Every structure is written in C-alpha cells, then in structure tokens.
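What follows is the residue order along each chain.
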Amino acid sequence: MNNSNTNKSSTIGIRSLTKIFSKNSEMQLPEKTGYKVLALIAALGIMIPCTLIVGYISFVMTEALLETDSAVGGMLFEMQILSAFSMIFGMLIIFSVMFFSSDREHFVTLPIPTHHLMMAKFLYAYIAESIMEFMILIAVFIGYFIAIAKNLGIGAALHPVSLVASVAGVFLIPLVPMIYCAVFSLVLMAALSKVKSKKVFYRTSTLFLLMFAGLFLLSLKGIGDINMENYVESLGSGDNLMLRTLNIIFFPVPWLANAISEGSILWFLLSLLGSAALLFALYFLGKALYQKGLYTAASLGSSKKAEIKSSDITEDSQFKASFLKEIRVILRTKAFSGNCAYINILWPVGAFLLFHFTKDKGAIASFVDMYQLGKERAEMIMIVVVISIAFIATALNSLASTAFTREGQHLSLIKFIPVPFETQLLAKAAVSVIFTFPALLLTDIVICVYLKASIVMGVFYAILMLLAHLISMVIGILMDSSSPYVEWDDEYSALRGNLNTFFNMAIMMVFSAVVVGLGILMYELLKLPIGVFYVAIFVILLGVMLRMVTVGKKKIIINMGNL
C-alpha cells in the first residue's frame with residue numbers, strides 16, 4: 001500500500017512539475033486583439049497549409065506504393081524522417097532544458113527527487129517540441145487512410161485497430177527520438193564529467209545531422225536517376241538504406257506502421273511495449289545519472305571566469321559598440337548562432353541542390369526552358385518566387401523578431417546606457433541585414449546562373465529581395481519591441497517560446513500571398529505588359545518599405561521608451 005501511494009505521489013509530482021515548466025517557459029499571448037488576430041493568421045497561414053501539404057504527399061506516396069504491394073512504405077518513410085529530424089534538432093533542446101536552464105539552481109535545492117525533476121523536464125520538452133509534429137502526423141495518417149479507402153475500400157481504411165494505432169502513433173512517434181536524446185544527454189554528461197566546455201555537448205547535434213545527411217546520400221546510391229519516382233520505388237522494394245537503418249534505430253515505429261497497415265493488435269502491443277521499455281529505461285537511467293549530470297553542468301557554469309584585459313577596453317563609436325555587442329551575442333550563443341545566423345545558408349544551398357538534381361527533368365526543367373525562351377509567365381513566376389523567399393527567409397531566421405527578446409532580463413538596460421534609442425535600433429537592424437541579405441544575394445546568383453538570366457535581371461531580383469527583406473525586418477522588430485519575451489530560462493526557450501517569431505512568419509506568408517495575388521491579377525486579368533508588371537511590383541514594394549521604415553521606426557523608438 002505504501003509503495004502504491006509513493007508511486008501515485010511521484011506521478012502527481014512529475015505531472016505538477018511539468019505544468020510548472022510549461023507555464024514558465026513559454027511566452028503568454030498578449031491580451032491584445034491584434035495578437036489574437038495574428039494567432040488566427042498563424043494557424044491558417046502556417047500550420048494548416050503545412051499539414052495539408054504533408055497529407056497530400058502521404059496520399060500520393062501511398063497510392064504510388066500500392067502498385068508494389070507496399071502501401072505502408074510511404075507512411076513509414078515520413079514517420080522515420082520525422083523521427084530522425086526530431087532527434088537531430090531535439091538534442092540541443094534536451095541538453096538545454098535538462099542541464100543548462102536557469103531554474104536548475106532553484107529546483108535542486110527543493111525536496112524533489114532529481115529523477116522526478118528530470119522526467120518533468122523531459123516531458124515538458126517533449127510536448128513543447130512535438131506540437132507541430134503531432135499535427136503533421138495526423139495529416140500523414142489521414143492522407144494514408146484516404147488513399148487506402150480510395151483504392152481498397154472504406155472497410156480496409158476503417159479497421160478499428162488501425163485507427164486506434166494511428167491515434168496512439170501521433171503521440172508515440174515523437175516520443176522515441178526524444179527519449180534517445182535524453183538518454184544520450186545523461187550518458188554524455190556523466191561520461192564527460194571532467195570536460196569544462198559546453199561546446200562538446202552542443203556539437204553532438206551537428207554530428208547527428210552530418211550522419212543523417214551521409215545516410216541520405218548513401219540511400220541515393222543504386223536507384224538510377226535521382227528523382228522522386230525512383231526514390232519511392234526504392235522504398236517499396238525495401239532497398240532504401242536510410243529507411244532500413246532508421247527502422248533499426250527507431251524500432252517501435254515500423255511495428256506501429258505494421259499495426260496500422262495490417263490492423264494487427266499484436267504489432268500494436270509490441271510498439272506500445274517498445275516505447276514503454278524505452279521510457280522506463282530513461283527513468284531508471286535518470287535515477288542513476290541525472291544527479292551527476294547536474295554536478296557537471298554546475299561545474300561548467302563556474303569553471304571558467306572571463307578575464308578582462310586592458311586590450312579589451314577600447315573606445316568605439318556608439319553604433320560600432322552596439323553593433324559588435326549584437327554580433328557577439330549571436331555568434332557566441334549556440335542557440336542564436338545556429339537558428340538565427342547559420343540557418344540562412346540553407347537558402348543558397350537549397351537552391352543549388354534543387355536546380356542541380358532536377359535541372360534535366362521534371363517541373364523545374366520545364367520552368368527553366370520556359371524562362372530561357374523568354375516566356376512572360378515564367379518571368380512573372382520568378383518575380384513572385386524571389387520576393388517570397390526574401391519575406392520568409394527574414395522571418396524564419398528570427399533575427400528581427402527576437403531583437404529585444406535576446407536582451408532577456410537585462411532588457412531595461414537599453415534605457416539607461418548612454419546610447420540613443422535610434423543608434424541601438426540601427427545596430428539591431430544592421431545585424432539582421434548583415435546575416436540575411438548576403439545569403440539572399442547568393443541565392444539570387446545561384447538561381448540566375450541556372451536560369452541563365454541576364455545580369456540586369458539578377459540585379460533587379462536582388463533589389464526586390466532587399467526591399468522585401470527590409471519590410472519583413474521592420475515588422476519583426478516592431479512586434480518584438482511591442483511585446484518582447486524576456487522571462488526565458490535559456491536561449492532555446494527565447495527562440496522556441498517567442499510568439500513574435502511565429503507571428504512574423506505568419507504575416508510574411510500572408511504578405512507574400514498578397515504580392516502573389518496582385519501579380520496574378522495584374523498579369524492575368526489586367527493583361528499588363530511584363531515591363532509594366534516589373535515597375536508595378538517595384539513601386540509597391542518600395543512604397544511599403546518606405547512607409548514601414550519611417551512610421552515603423554518612430555513606433556519602435558516609442559516602444560523602447562516604454563519597455
């Protein structure tokens with residue numbers, strides 16, 4: 001009886017701690033009508049479209065694989081890709097939440113078993129990081145069941161075990177990689193207790209990313225021409241190296257996929273037992289190692305004190321000092337450098353990979369041919385694409401929408417240091433431009449090289465990208481100055497829990513849709529010549545940019561005074 005009561009109180013304690021972490025680690029939605037509207041726009045403009053796209057991909061892949069009698073292959077591949085990315089990007093989150101959050105010193109002094117604290121932190125991180133993945137998985141399963149119902153009948157799609165297994169899978173699939181992240185964190189912190197640098201721990205996610213990229217490249221070997229059709233065929237035949245490897249690592253996932261596809265209660269129970277075994281392993285491992293890991297984390301925080309040298313004390317202009325401060329905060333903080341600075345490299349690299357692997361066949365090859373033939377529709381599409389890239393890239397790196405959030409609990413210092421608000425604002429804006437626009441410019445060059453566009457058009461695209469970037473930047477800074485998120489425990493919470501980043505992305509997607517709509521309207525309905533279309537788009541972006549810079553700047557400075 002005593003053991004039962006102890007277990008019950010432990011469960012309640014872990015659940016209560018999880019609720020505390022959830023409330024204290026996320027930015028609360030401001031009680032403003034505008035923010036509620038933005039939340040609705042974000043849901044309609046980001047989350048729902050993403051889930052619809054994923055659901056459609058799942059439907060198409062399932063239909064294609066039905067011909068090979070391996071309909072589950074497409075769904076399984078999507079689930080394993082989600083698992084791999086959850087582990088890659090969850091590693092840094094788990095490290096930060098479990099060992100390096102600022103509330104560590106407060107909780108370890110309370111009469112709470114350390115492994116209960118660990119489980120609460122783990123569950124909080126799992127839920128916070130998996131909300132979008134939950135929605136994506138729902139879309140994956142819906143797309144799968146629609147394809148099954150269409151080709152095999154309603155009865156095959158509505159098998160009770162399949163439906164129950166898919167509902168459970170929404171929550172179980174993200175759980176497995178997060179457990180691996182937590183286990184790896186515990187073992188690494190315990191094994192490297194004498195290491196006095198956080199860099200060793202934070203670089204593990206980069207190692208996993210490189211391993212995953214290498215595995216993906218190996219999976220392309222032997223499929224012939226690199227295209228979606230051949231890759232899907234390799235999934236159905238079981239010859240895909242990456243899928244086979246991931247099936248071994250995340251072993252409960254293929255068991256769950258078999259339960260869904262076959263309606264097998266045995267496979268479903270095996271997947272539940274596999275996930276439960278991993279969760280219990282984490283619990284008992286945390287009981288043995290978490291306390292030691294906390295000691296290691298504490299020693300990391302105090303092992304090395306910064307020494308101030310005479311050469312470090314220099315006189316700079318106010319702007320230069322403010323600008324260098326912003327640069328150092330971003331580059332010296334792992335969360336900010338990876339998610340705000342280095343993430344911009346994805347755009348030129350992504351453009352290169354897209355054109356390099358698809359330039360000879362498919363939709364991209366057709367578009368390249370249209371553009372090189374001087375088709376006005378292709379030129380109009382190109383304008384829309386470069387503008388949308390600039391809008392979304394600026395919002396995605398969150399440099400602007402965390403301009404004040406990055407200050408954290410020292411935010412009030414901006415009102416007391418002897419630097420004018422305008423100078424501080426200019427430094428924050430300059431950082432966004434420095435890290436974002438060169439990547440956009442390189443993306444423009446890559447696209448123009450493959451399209452064989454003229455230098456004049458390349459320069460024109462670059463100008464449009466700059467205007468769009470400035471618009472997105474000002475909106476992001478304006479939102480963050482209005483409601484900055486400063487009560488964060490660690491830098492990853494500052495990015496993950498900041499609603500301004502999410503809302504800025506939503507606004508930019510809507511703005512991109514408006515620009516696309518105007519472009520289609522002017523070209524298709526008004527039948528404007530392509531030259532007039534170019535001028536109209538330029539004038540619209542220039543006008544909006546000038547308005548945002550002049551009016552937005554005044555509002556941001558007013559907000560800075562009210563912080």
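Here the structure is shown first, and the text comes after it.
Residues numbered from 1 in each chain as written. Predicted model: local features only at pLDDT ≥ 70, side-chain atom pairs only at ≥ 80, totals over all residues. Heavy atoms only, no water.

> Tell me what's going on with the overall build of the chain, and back it up with residues and numbers.
Along the backbone of the chain there are 23 helices and zero strands. Per-residue burial for the chain yields a buried fraction of 49% across its 563 residues. Considering only intrachain contacts with a sequence separation of at least 6, the fraction spanning at least 24 residues in the chain is 83%. For the chain, the computed accessible surface area is about 27200 Å², with 70% contributed by carbon and sulfur atoms. (Helix = DSSP H or I, 4+ residues; strand = E, 2+ residues; numbered from the N terminus. Buried < 20%, exposed > 50% of the residue type's maximum accessible area, 1.4 Å probe, protein only. Contact = heavy atoms within 4.5 Å. Areas by Shrake-Rupley, 256 points an atom, 1.4 Å probe, with all protein chains shown as cover.)

> Residues and numbers for the pattern of salt bridges, please.
A full pass over the atoms with the stated rule returns six salt bridges. Across the pair Lys325 and Glu326 runs a salt bridge, and its minimum N-O distance is 3.2 Å. We classify Glu326 as buried; its relative accessible area is 4%. Put simply, Lys428 and Glu407 hold a salt bridge, and the shortest N to O gap is 2.8 Å. (Salt bridge = Lys/Arg side-chain N within 4 Å of Asp/Glu carboxyl O.)

> Tell me about the nonpolar core, and please be specific about residues and values.
Ranked by internal contacts, the top residues of the largest apolar core, which has 69 residues, are Met79, Phe99 and Phe141. Counting residues per element, the ones that place at least two in this core are helix 1 (2–24), helix 2 (33–66), helix 3 (72–100), helix 5 (114–152), helix 7 (160–191), helix 11 (241–249), helix 12 (252–262) and helix 13 (265–302). For this core, the element with the most residues is helix 5, which contributes 17 residues. Apart from residues lying up to four places away in sequence, Phe141 is in contact with Met75, Met79, Ser166, Gly169, Val170, Ile173 and Ile260. With 63 residues, the next largest nonpolar core counts Met382, Ile383, Leu464 and Val515 among its residues. (Core = buried A, V, L, I, M, F, W, Y, C linked by side-chain atoms within 4.5 Å.)

> A description of the packing of helix 20 (residues 455–482) against helix 23 (residues 530–562) should follow, citing residues and the corresponding values.
At their nearest, the axes of helix 20 and helix 23 sit 9 Å apart, and the two run at 25° to each other. In terms of their interaxial angle, helix 20 and helix 23 are classed as roughly parallel. Where helix 20 crosses over helix 23, the handedness of that crossing is left-handed. Within the contact of helix 20 with helix 23, the residues separate by chemical class into 21 nonpolar, four polar and one charged. (Axes fitted to C-alpha atoms, helices over the stretch in contact; angles between N-to-C directions. Parallel < 35°, antiparallel > 145°, perpendicular 65-115°, else oblique. Left-handed = near helix turned anticlockwise from the far one by under 90°. Nonpolar A, V, L, I, M, F, W, Y, C, P; charged D, E, K, R; others polar.)

> Give a detailed account of helix 23, specifying residues and quantitative values.
When the terminal C-alpha atoms of helix 23 are compared, their 47 Å separation across 33 residues agrees well with the 48 Å that a helix rising 1.5 Å per residue should span. At Gly552, helix 23 shows its largest kink, close to 30°. Three or more residues of helix 23 are buried, namely Ile530, Phe533, Tyr534, Ala536, Ile537, Leu541, Met545, Met548, Gly552, Ile556, Asn559 and Met560. Each element contacted by the buried residues of helix 23 is listed here: helix 18 (376–396), helix 19 (421–451), helix 20 and helix 22 (499–525). (Expected span 1.5 Å × (residues − 1). Bend = angle between axes of the 7 residues up to and from the residue.)

> Tell me about empty space enclosed by the protein, and please be specific about residues and values.
Under the defined criterion, the tally for this structure stands at two cavities of 30 Å³ or more. Along the walls of the second largest cavity sit Leu172, Ile173, Val176, Pro252, Val253, Leu256, Ser271 and Ser275, which together make up its complete lining. Where the lining of the second largest cavity is concerned, the elements lending two or more residues are helix 7, helix 12 and helix 13. Tallied by class, residues from the lining of the second largest cavity come to six nonpolar, two polar and no charged. (1 Å grid on protein atoms, 1.4 Å probe; cavity = no way out; pocket = protein on both sides within 12 Å on 5 of 7 lines; lining within 4 Å. Points joined across faces, edges and corners; volume = space filled by probe spheres on them.)

> Can you explain the packing of aromatic side chains? Please cite residues and give values.
The full count for this structure, using the stated rule, is 12 aromatic pairs. Note on Tyr144 and Phe145: the rings are 5.4 Å apart at their centroids and 65° apart in plane angle, and the pair reads as edge-to-face. The burial state of Tyr144 is the same as that of Phe145; both residues are buried. By the ring-pair criterion, three or more aromatic residues cluster together here, those being Tyr126, Phe134 and Phe171. Over the face of the ring belonging to Phe404 we find Lys428, whose NZ or CZ atom lies 5.2 Å from the ring centre. (Phe/Tyr/Trp six-rings, centres within 6.5 Å; stacked < 30°, edge-to-face > 60°. Lys NZ or Arg CZ within 6 Å of the ring centre and 35° of its normal.)

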